[in-house]
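# Architecture and fold: a report
Single-letter residue listing:
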Amino acid sequence: MTVSNGWKAVVSHRSGETSDTFIADLVVGFNICQIKAGSLSRLERIEKHNRLLEIEDHLSGAARFAGTTVLAGKSNVSR
């Protein structure tokens, strides 16, 4: 509903969260353009970033990284 109403969705993990990487799959599965997983300073954050890289590798050319265009509201992600 968020995206269909013109809003940008952001999924965020909680501080002190476990190393479960489901949040990365959730973001990609729902075509959410942003994930807030923190810097690469703690293991549970690194694991989430690594999962995103695994998903990208698995999808090959079927997915595109939206990059900083999301911040400008000009997402290059196909809808």
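The structure reproduced in this document is the subject of the present report. Quick caveat: nothing in here was measured; it's all calculated off a predicted structure. (Residues numbered from 1 in each chain as written. Predicted model: local features only at pLDDT ≥ 70, side-chain atom pairs only at ≥ 80, totals over all residues. Heavy atoms only, no water.)

## Overview of the packing of helix 1 (residues 22-29) against helix 2 (residues 43-59)
At a closest axis distance of 8 Å, the pairing of helix 1 and helix 2 adopts a crossing angle of 45°. When the axis of helix 1 is compared with that of helix 2, the two are oblique. In this structure, helix 1 meets helix 2 at a crossing whose hand is right-handed. Facing helix 1, whose interface residues are Ile23, Ala24, Asp25 and Val28, helix 2 presents Lys48, Arg51, Leu52, Ile55 and Leu59. Within the contact of helix 1 with helix 2, the residues separate by chemical class into six nonpolar, no polar and three charged. (Axes fitted to C-alpha atoms, helices over the stretch in contact; angles between N-to-C directions. Helix = DSSP H or I, 4+ residues; strand = E, 2+ residues; numbered from the N terminus. Parallel < 35°, antiparallel > 145°, perpendicular 65-115°, else oblique. Left-handed = near helix turned anticlockwise from the far one by under 90°. Contact = heavy atoms within 4.5 Å. Nonpolar A, V, L, I, M, F, W, Y, C, P; charged D, E, K, R; others polar.)

## As for the nonpolar core
In this structure, Ala9, Val11, Ile23, Val27 and Ile32 together form the largest nonpolar core, which totals five residues. In contact with Ala9, other than residues within four places in its own chain, are Thr2, Val3, Ile32, Cys33 and Gln34. (Core = buried A, V, L, I, M, F, W, Y, C linked by side-chain atoms within 4.5 Å. Buried < 20%, exposed > 50% of the residue type's maximum accessible area, 1.4 Å probe, protein only.)

## Remarks on helix 2
An ideal rise of 1.5 Å per residue puts 24 Å on 17 residues; helix 2 measures up with 24 Å between its terminal C-alpha atoms. Listed as buried for helix 2 are Glu44, Arg45, Lys48 and Ile55. Looking straight down helix 2, one finds that the buried residues subtend no more than 110° of arc, so they occupy a single side. Summarising the geometry of helix 2, the exposed residues directed more than 90 degrees from the buried face are Leu43, Leu53 and Asp57. As for helix 2, its buried residues are in contact with helix 1. In the stretch just after helix 2, Ser60 is the one whose phi turns positive, near 50°. (Expected span 1.5 Å × (residues − 1). Arc of directions from axis to C-beta.)

## Re helix 1
For helix 1, every residue scored as buried is listed here: Ile23, Ala24 and Val27. Looking straight down helix 1, one finds its buried side chains confined to an arc of 105°; they lie on one side. Exposed residues on helix 1 whose side chains face more than 90 degrees from its buried face are Phe22 and Gly29. Check the buried side of helix 1 and you find it contacts strand 1 (10-12), strand 2 (34-36) and helix 2. Remark: Asn31 follows helix 1 within two positions and exhibits a positive phi of approximately 55°.

## Overview of the pattern of salt bridges
The final tally for this structure, using the stated rule, is three salt bridges. A salt bridge links Asp25 to Arg51, with the shortest nitrogen-to-oxygen separation between them at 2.7 Å. Highlighted residues: Asp25 in helix 1 and Arg51 in helix 2, separated in sequence by 26 residues. Classification of Arg51 by relative accessible area gives partly exposed; the value is 24%. Among the ionic pairs, Glu54 bridges to Arg51, the shortest N-O distance being 3.2 Å. Here Glu54 and its partner Arg51 are both found in helix 2, three residues apart, which amounts to about one turn of the helix. Taking the relative accessible area as the measure of exposure, Glu54 reaches 46% and is therefore partly exposed. Salt bridges sharing partners connect three or more residues here, namely Asp25, Arg51 and Glu54. (Salt bridge = Lys/Arg side-chain N within 4 Å of Asp/Glu carboxyl O.)

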